[in-house]
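Spelled out from the first residue to the last, the chains are:
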Amino acid sequence: MAKRHVISLFDLTSEEIRQVFKISAELKSEFLRGVRRPSLNGHVLGLLFEKPSLRTRVSFEAAITHLGGNSMFLGADVGWGSREPVPDFARVISQYVDVVVCRAKTHERVEELAENATCSVINGLTDVAHPCQALTDLFTLQEIAGSLDTARLAYVGDANNVACSLAVASAKLGVPFSIAHPNGYGFQHAFLDRVMEAAPGFELLQTEDPIEAVVDATAVYTDVWASMGQEDERVRRGEAFADYQVNDRIMASAKSDASFLHCLPARRGEEVTPEVIDGPQSAVIQQAENRMHVQKGLLQWLLG
Ligand code: CP
Ligand code: NVA
């Protein structure tokens, strides 16, 4: 069977996402009982990162180790796209590893890697998608809500890589999704067309009013206003997003037991107040923990 890639969540069917969640839940439960099954014994994971990372890098390294495999972090000196062209790099690294997790400055670079690789490629974040994050977030929402059948996810902030992947994950799993963003910071039309084509009937609300977005939400999500690579825009974005901070007032408009979610790292005092992210409704550490369990499920599903 041809190797599967996960470059965006458009690459997975709803059923496949549910399968990954099922495996992830089993592996998480086993892990919490102290069981580490070497089901991927001898498998090798390469980590190719052009941007910094704590969660993605370390959770993948821990995940493959718990499953009996090994990982290798590949720094800039491996020279993909600089020392040699990406297609050559992809064809060569495929001889050594079973799967590459790649975090790149541009989405096209990960696509080019995947097009030329004969090993699996997983997107570990690009400018337009963060599929492993969103998979984990919907898994976490399922844990929190007990089921996704009645869950509603609200996102307040920039329609960035994380928001795009959350929208696709929600669409695939039938979870109503709302987003509040300032004018000019929403989803691109082509992306929305693709989402609606992938999941006709998807309940999506786009608004400039954060209160409207969070009404009846099971979870309220936000992310930084300036992502990695947008540091020069930080001041302008700070002004544009000033009314989009997730604070007690916004949380009070969601369901009374709504959770607060954030992919991390966070900027307290900007997109979220310390009271919310460090308060009782915050599930951000559970999210971060679940990165490892869900990526184990994904690796097991891809390679097992
Ligand atoms: N949420 C997330 O992907 O974190 P890192 O950038 O630390 O990997
Ligand atoms: N949107 C953020 C997510 C970091 C995990 C970024 O791209 O920097």
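Residues numbered from 1 in each chain as written. Chains lettered and ligands numbered in written order. Predicted model: local features only at pLDDT ≥ 70, side-chain atom pairs only at ≥ 80, totals over all residues. Heavy atoms only, no water.

**Digging into the layout of surface pockets**
- Of the voids in this model, the largest pocket is the one considered here, and its volume is about 650 Å³.
- Along the walls of the largest pocket sit 31 residues, with D127, V128, A129, C164 and F191 positioned nearest its centre.
- For the lining of the largest pocket, the element with the most residues is helix α6 (residues 161-173), which contributes 4 residues.
- Looking at the lining of the largest pocket residue by residue, the class counts come to 13 nonpolar, 11 polar and 7 charged.
- Volume-wise, the second largest pocket comes out at about 420 Å³. (1 Å grid on protein atoms, 1.4 Å probe; cavity = no way out; pocket = protein on both sides within 12 Å on 5 of 7 lines; lining within 4 Å. Points joined across faces, edges and corners; volume = space filled by probe spheres on them. Helix = DSSP H or I, 4+ residues; strand = E, 2+ residues; numbered from the N terminus. Nonpolar A, V, L, I, M, F, W, Y, C, P; charged D, E, K, R; others polar.)

**Describing the sheet that holds strand β5 (residues 153-156)**
- Spatially, 5 strands are ordered β7-β6-β5-β8-β9 in an open sheet, and the strand pairing comes out parallel. Because the sheet does not close on itself, it has two edges, and the strands there are β7 (204-207) and β9 (259-262). Across this sheet, the average inter-strand angle for adjacent strands is 20 degrees, counted without regard to direction.
- Relative to strand β8 (residues 219-222), β5 is paired through 3 bridges, and the arrangement is parallel. In the sheet register, A154 faces β8, and the bridge partner there is V220. (Pairing = 2+ DSSP bridges. Axes fitted to C-alpha atoms, helices over the stretch in contact; angles between N-to-C directions.)

**Considering the site of ligand 2**
- Contacts to ligand 2 come from L125, N160, N161, V162, D223, S227, M228 and L264.
- In this structure, N160 approaches ligand 2 through a side-chain N or O atom, which is 3.3 Å from a nitrogen atom.
- Separating an oxygen atom of ligand 2 from a backbone N or O atom of M228 is a distance of 2.8 Å.
- Taking 270 Å² as the accessible area of ligand 2 by itself, protein coverage stands at 94%.
- When each cavity is represented as a set of grid points, ligand 2 is found to reside in the second largest pocket.
- For the shell around ligand 2, the residue count by class is 4 nonpolar, 3 polar and 1 charged. (Near = heavy atom within 4 Å. Polar contact = N/O pair within 3.5 Å; in protein donor to acceptor, adjacent residues only side chain to side chain. Areas by Shrake-Rupley, 256 points an atom, 1.4 Å probe, with all protein chains shown as cover. Sits in = over half its atoms within 2 Å of the grid points.)

**As for empty space enclosed by the protein**
- The final tally for this structure, using the stated rule, is 1 cavity of 30 Å³ or more.
- Space inside the largest cavity adds up to approximately 60 Å³.
- Lining the largest cavity are L27, E30, F31, V35, R36, R37, H66, L67 and K296.
- A per-element tally of the lining of the largest cavity places helix α1 (residues 14-32) first, with 3 residues.
- A breakdown of the residues in the lining of the largest cavity according to their chemical character gives 4 nonpolar, 1 polar and 4 charged.

**Considerations on a negative patch on the surface**
- There is a patch of like negative charges on the surface, built from E108, E111, E115 and D127.
- We classify E115 as exposed; its relative accessible area is 64%. (Patch = residues over 30% accessible without salt bridge, like charges linked within 9 Å, V, L, I, M, F, W, Y side chains within 5 Å. Salt bridge = Lys/Arg side-chain N within 4 Å of Asp/Glu carboxyl O. Lys, Arg positive; Asp, Glu negative; His and termini not counted. Charge placed at Lys NZ, Arg CZ, Asp CG, Glu CD. Buried < 20%, exposed > 50% of the residue type's maximum accessible area, 1.4 Å probe, protein only.)

**Re the site of ligand 1**
- By nearness alone, every residue bordering ligand 1 is listed as S53, L54, R55, T56, R103, H130, Q133, C263, L264 and R291.
- At 2.8 Å from an oxygen atom of ligand 1 is found a side-chain nitrogen or oxygen belonging to R55.
- Within the backbone of C263, one N or O atom sits 2.9 Å away from a nitrogen atom of ligand 1.
- In isolation ligand 1 exposes 250 Å². Once the protein is present, 96% of that is buried.
- Applying the majority rule of atoms within 2 Å of the grid points places ligand 1 in the second largest pocket.

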